[in-house]
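What the coordinates show
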Amino acid sequence: MGVAAQGLVVPLFTLLEGVRLELLLFAGFWFVLGALDELLVDLAWFWLVLTGKARSPRLTEPARAELSAPIALFVPAWREAKVIAPMLRATLARWPHRNLRVYAGCYVNDPETRAAMEAGGGGDPRLTIVVNEIPGPTTKGQCLNRLYRAMQEDEARTGTRFRAVLLHDAEDLVHPDALTLIDRALDDADFVQIPVRPELRDDSPWIGNHYADEFTDAHAREMVVRDRLGAGLPAAGVGCAFGRDALEHVAQRRSGDRLGEPFDPAAMTEDYELGMLIGRRGNWPGCKGGRFLRVRASDGSLVATRAYFPGTLATSVRQKARWVHGIAFDGWDQLGWSARPVELWMRLRDRRGPLVALVLAAGYLLVVLTGILWLADVMGWHPAGRLPVLVYWVLIATTATFAWRAVVRAVVVGREYGCGEALPAVLRIPVGNVIAIIATRVAVFRYIKTLRGEPARWDKTEHDRHPHLEPQQIERQAA
């Protein structure tokens, strides 16, 4: 390398060394703090496992008993003509309970979805199709409030009061035992959430299947810990039931009228907010709080909601951006914080998404810079600088904790989906990280737009497959 070129290159690499050190200090601090946070959850979970309090009970026979009181199932849909028919068909068949009433919501400007609802219902008198007079898409919360009003009208007309409202999405496949188990759990809770079990996608083994890893980790470990610690339980939006009295209390709190609307029409994740408002015992006098119901059926299957999740980068980013926007930003605005230590801890965990994305981005930038500086050292352009001893210890600690998290992820995913998915679950961790980084950037800009007065819209993912469809049907729809 010439003298002139070397005179330009040396300051450049010196600058890169300085940038790398600053990034190491920033990312290292937050990586260690995050590792301690996850380790506390792991320790609590292992203690519950060792004491038998985290064990999922197994039914000795199918739970198909009639409901103790009427339950309303809300299924809001916008442009879901490809999946809503098999969803309704499977739900009505798997849940033959006389006291079940299904309210399926569509929009006046979405006739395809309405026609699919009629086909899927097959004339079952337990299905009521509710047409939203406001052209879609509005928000999911607004659509749910329209279904809630339809339920109130039926209650006034028939004199029958529903015990609870159960939420599901158009792409869900319900478990045959879930409804009866939820009905029983409502005896001691105002809010019940069962696990979500994403279906594995052969056509998207990296993006589509990383949802299986994340939901399994959350619903086999973190939600179990939150439930046992008595912290507020976030609703997943599917497989979650809310007591009728609790919904009226939220409506009173939101609008000053118990006959008002319980769902926030402006929220991106109205389900999460509702779960947090109801899911902790003592939120108001007489509140029974929430319960995370993790049970295995007599055949060994997990009583959970099954569904296919997005399989492309664009759709996954759009979905996760909505979650980050709703949980991290809207959750902060609408729910605030808590002086109760456990509750404060869990709300910090819920809202750490933007910070985690920033730290991950710094970490991946560190990898690139380290590679550049290593190459410069090998080529003799610039000698590698020595890092402070503290930084080396931070690197060792973060590497060890990453290895530990990978082992835990492999164990929980392998246990649920089979040993063949244990290693892929570890390899998919960077995929989830990259999606989270991109989605957070999108969420930040969307949130800024709402602060400027732009109305919220249901920026949802359209689904093209349902677990109840046969493979040849899926292929035919794709064609």
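Structural data are supplied above this passage.
One structure accompanies this document, and this report is about it. All values reported here derive from a predicted model rather than from experimental measurement. (Residues numbered from 1 in each chain as written. Predicted model: local features only at pLDDT ≥ 70, side-chain atom pairs only at ≥ 80, totals over all residues. Heavy atoms only, no water.)

Notes on the overall build of the protein
Note the cut-off: Helix and strand assignments come from DSSP, with helices taken as H or I runs of at least 4 residues and strands as E runs of at least 2, each series counted from the N terminus. C-alpha atoms define the radius of gyration in this analysis, and the globule rule sets the expected value at 2.2 Å times the number of residues to the power 0.38. What makes two residues a contact is simply this: any of their non-hydrogen atoms within 4.5 Å. Values of accessible area rely on a 1.4 Å probe in the Shrake-Rupley scheme; residue burial ignores everything except the protein chains shown. Only four residue types enter the charge count, namely Lys and Arg as positive and Asp and Glu as negative; His and the chain termini do not. By convention, charge coordinates are those of NZ in Lys, CZ in Arg, CG in Asp, or CD in Glu.
Tallying secondary structure elements over the protein gives 15 helices and 9 strands in all. Whereas a compact globule of 479 residues would reach a radius of gyration of roughly 23 Å, the protein reaches 25 Å, a difference of no more than 12%. Across its three principal axes, the protein shows a C-alpha extent of roughly 90 × 50 × 50 Å. Look at the contacts in the protein between residues 6 or more apart in sequence, and 82% of them connect residues 24 or more apart. Total accessible area on the protein stands at roughly 21,900 Å², and carbon and sulfur atoms take up 62% of it. Here the protein holds 57 positive side-chain charges and 54 negative ones, and the gap between their average locations is 2 Å.

Thoughts on the packing of aromatic side chains
Filter applied, for reference: By convention, a stacked pair of Phe, Tyr or Trp rings (six-membered ring in the case of Trp) has centres within 6.5 Å and planes under 30 degrees apart, an edge-to-face pair has planes over 60 apart, and any other such pair is tilted. Note on classification: 1.4 Å probe, protein chains only; a residue is buried when its accessible area is under 20% of the maximum for its type, exposed when over 50%, partly exposed between these limits.
On inspection of all chains with the given rule, the structure shows 13 aromatic pairs. Between W78 and Y107, the ring centres sit 5.4 Å apart and the planes meet at 85 degrees, which makes this aromatic pair edge-to-face. One end of the pair, W78, is in the loop between strand 1 (71-76) and helix 2 (84-94); the other, Y107, is in strand 2 (residues 100-107), and 29 residues separate them in sequence. As far as burial versus exposure is concerned, W78 and Y107 are alike and both buried.

Side note on the side chain of R428
Its location among the elements puts R428 in the loop between helix 13 (422-427) and helix 14 (429-451). Take R428: its relative accessible area is 4%, and that puts it in the buried class. Each residue touching R428, except ones within four places of it in the same chain, is listed here: P205, W206, N209, H210, D213 and E421.

A look at the state of the cysteines
Let me state the cut-off plainly: Any cysteine sulfur atom paired with another within 2.5 Å is treated as part of a disulfide.
Evaluated as defined, the whole model comprises 0 disulfides. C240 takes part in no disulfide bond, and the closest cysteine sulfur, belonging to C143, lies 15 Å away. C287 takes part in no disulfide bond, and the closest cysteine sulfur, belonging to C240, lies 15 Å away. With a relative accessible area of 6%, C287 lands in the buried category.

Points about the pairing of strand 2
Counted only if it meets this: The pairing criterion for strands is at least two bridges between them, as found by DSSP. A clockwise path from the first strand over the helix to the second, with the strands pointing away from the viewer, defines a right-handed crossover.
Among the 8 residues that make up strand 2, 7 are buried, leaving the element largely enclosed by the rest of the structure. Pairing of strand 1 with strand 2, which is carried by 6 bridges, proceeds in the parallel orientation. Residue pairing in the sheet places V75 in a bridge with A104 of strand 2. Handedness of the crossover joining strand 1 and strand 2 through helix 2: right-handed. As defined by bridge partners, strand 2 adjoins strand 3 (residues 127-132) across 6 bridges and the pair is classed as parallel. Residue pairing for strand 3: Y107 is matched across the bridge by N132. For the handedness criterion, the β-α-β arrangement of strand 2, helix 3 (residues 111-121) and strand 3 is classed as right-handed.

Describing the pattern of salt bridges
Under the convention used in this document: Salt bridges, as used here, are contacts in which a Lys or Arg side-chain nitrogen is within 4 Å of a carboxyl oxygen on Asp or Glu.
Inspection of every chain in the model, using the stated rule, returns 43 salt bridges. Among the ionic pairs, R98 bridges to E66, the shortest N-O distance being 3.9 Å. A residue pair is termed long-range when its members are at least 10 positions apart, and R98 in the loop between helix 2 and strand 2 and E66 in the loop between helix 1 (3-50) and strand 1 qualify at 32 residues. Judged by its relative accessible area of 68%, R98 is exposed. By relative accessible area, which is 29% here, E66 ends up partly exposed. A salt bridge links R197 to E416, with the shortest nitrogen-to-oxygen separation between them at 2.8 Å. One end of the pair, R197, is in strand 6 (residues 196-198); the other, E416, is in helix 12 (residues 389-417), with 219 residues separating them in the sequence. Residue classification places E416 among the buried positions, given a relative accessible area of 12%. Several salt bridges share partner residues, and in doing so they unite D37, E38, D42, D217, R221, E222, R226, R349, D350, R352, R405 and R409 into one network.

Observations concerning helix 7 (residues 244-255)
Operational definition: Working rule for helices: expected span equals 1.5 Å times residues minus one.
Given a rise of 1.5 Å per residue, 12 residues ought to cover 16 Å, and the 16 Å separating the end C-alpha atoms of helix 7 matches this to within 8%. Listed as buried for helix 7 are R244, A246, L247, E248, V250 and A251. Of the surrounding elements, those touching the buried residues of helix 7 are helix 4 (140-158), strand 4 (164-167), strand 7 (240-243) and helix 8 (270-278).

Observations regarding the nonpolar core
Rules: Working definition of a nonpolar core: buried Ala, Val, Leu, Ile, Met, Phe, Trp, Tyr and Cys residues. They are joined through side-chain atoms within 4.5 Å.
Within the largest apolar cluster, 43 residues are counted, with the highest numbers of intra-cluster contacts made by F74, Y103, M151, L167, F242 and I278. Once you skip the residues sitting within four places of it in the chain, L167 turns out to touch L73, F74, L144, G237, V238, G239, C240, F242 and F263. The next biggest cluster of nonpolar side chains, apart from the first, holds 39 residues, and it includes L67, V75, A77 and V102.

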